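Residues per chain are reported as follows:
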Amino acid sequence: MYPEVIILNTLSLDNAFSGFRIDLEAHYSILTALAPDAVLVGSDTAKTGVEMFYNPIPVETESDLKRPEKVPGDTRPVSVIVDSHGKLKGLLHIYRNLEHVRDVIILVSETTPADYLKYLEEREYPYLMSGYDRVDLKEAVGLLGDTLGFSRIVSDSGGRLNCILIDERIASSLSIIIAPLIAGPDHRRYFEDIDSTADLRLKKTENLKNGLVHLVYDIMK
């Protein structure tokens, strides 16, 4: 069965996803409540996260070269990173060591550099290949369902990846937290890369603490 894909993000009132402090507690409490099998993120977002929170970059250790052993009953999601160009070479051990994920899977394409694939193989990072010059997200999500049995995937990424998920009707719903502020100019707008129209149906409205509003929309096919 094709997995359910939910887009989650925190936005300003003027549709920016950067330039303001995100309420991480509210954001990740909603993510946890969704109980996903996997959390999907793009390579740019993943790399930006590393650069924001790790300075200097932790040195890779011997234990980082092995895939974590499966633990019975471990309900933490898998981190699935779209990285067809190998932008996270030398950085993936940081994601492997995050407490809130149990494994890391990389989505690559047929033109992903051979040295990056070697890097993944030497460190036992599983990867799925789809698409030619970029990852075919629709096919890749299907593979995550068919080969790994994932039934729910939450995309917690930047605008470009999530716009593709909407354009190709891969995502079935939007879970948006609106922060009570205006980010102003010089910040990327969340839907600026969208190439199609999409009809939405409001499914849920919830007032959170500190003036945050949680909106859930179904994306109509």
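This write-up is about the structure you can find in this document. These numbers come from a predicted model, not from an experiment.

**Here we look at the pairing of strand 8 (residues 200–207)**
Bridge analysis of strand 8 against strand 9 (residues 213–219) gives seven bridges, and the strand direction is antiparallel. Looking at the pairing, Asn207 lines up with Val213 of strand 9. Connecting the antiparallel pair strand 8 and strand 9 is a turn made up of five residues, with Asn210 showing a positive phi of about 60°.

**Considerations on helix 6 (residues 159–167)**
Buried within helix 6 are the following residues: Gly159, Leu161, Asn162, Cys163, Leu165 and Ile166. Taken from the residues just after helix 6, Arg169 is the one with a positive phi, measuring 55°.

**Quick word on the sheet that holds strand 3 (residues 78–82)**
In spatial order, the strands read 5-4-3-2-6-1-7-9-8; together these nine strands make up an open sheet with mixed pairing. Of all the strands in the sheet, the pair left with one neighbour each is strand 5 (127–129) and strand 8. Adjacent strand axes in the sheet meet at a mean angle of 20°, parallel and antiparallel pairs treated alike. Where strand 3 meets strand 4 (residues 103–108), five bridges bridge the pair, whose relative direction is parallel. Bridge pairing in strand 4 links Val78 to Asp103. Where helix 5 (residues 137–148) meets the sheet, its contacts fall on strand 1 (4–11), strand 3, strand 4, strand 5 and strand 6 (152–155), and the angle it forms with strand 5 comes to roughly 130°.

**Focus: the side chain of Ser79**
Mapped onto the elements, Ser79 comes out in strand 3. Discounting residues that sit within four places of it in the chain, Ser79 has contacts with Val39, Tyr95, Val101, Asp103, Val104 and Ile105.

**Digging into the packing of aromatic side chains**
Following the criterion strictly, the structure yields four aromatic pairs and no others. Here Tyr190 and Phe191 contribute two aromatic rings whose centre-to-centre distance is 4.8 Å and whose plane-to-plane angle is 80°, an arrangement assigned as edge-to-face. A relative accessible area of 1% means that Tyr190 is categorised as buried. We note Arg96 situated over the ring of Tyr125; from NZ or CZ to the ring centre the distance is 3.8 Å.

**Some details on the pattern of salt bridges**
Close approach of charged atoms allows side chains with opposite charge to pair. Counting across every chain of the model gives 17 salt bridges. Of the charged contacts, one joins Glu124 and Lys66 as a salt bridge, the two residues approaching to 3.6 Å between their closest N and O atoms. Residue Glu124 is found in the loop between helix 4 (114–122) and strand 5, and its partner Lys66 is found in the loop between helix 2 (43–53) and strand 3; the two are separated by 58 residues along the sequence. On the accessibility criterion, Lys66 (52% relative accessible area) is exposed. Connected via shared salt-bridge partners are Glu60, Lys118, Glu122 and Arg123.

**Describing a nonpolar patch on the surface**
Taken together, the side chains of Leu24, Tyr28, Met52 and Phe53 make up a nonpolar region of the molecular surface, amounting to roughly 460 Å² of accessible area. At the level of elements, helix 1 (24–34) and helix 2 are the ones that each hand at least two residues to the nonpolar patch. Within the element layout of this structure, Met52 appears in helix 2.

Parameters at a glance
Residues numbered from 1 in each chain as written. Predicted model: local features only at pLDDT ≥ 70, side-chain atom pairs only at ≥ 80, totals over all residues. Heavy atoms only, no water. Pairing = 2+ DSSP bridges. Helix = DSSP H or I, 4+ residues; strand = E, 2+ residues; numbered from the N terminus. Buried < 20%, exposed > 50% of the residue type's maximum accessible area, 1.4 Å probe, protein only. Axes fitted to C-alpha atoms, helices over the stretch in contact; angles between N-to-C directions. Contact = heavy atoms within 4.5 Å. Phe/Tyr/Trp six-rings, centres within 6.5 Å; stacked < 30°, edge-to-face > 60°. Lys NZ or Arg CZ within 6 Å of the ring centre and 35° of its normal. Salt bridge = Lys/Arg side-chain N within 4 Å of Asp/Glu carboxyl O. Patch = residues over 30% accessible without salt bridge, like charges linked within 9 Å, V, L, I, M, F, W, Y side chains within 5 Å. Areas by Shrake-Rupley, 256 points an atom, 1.4 Å probe, with all protein chains shown as cover.

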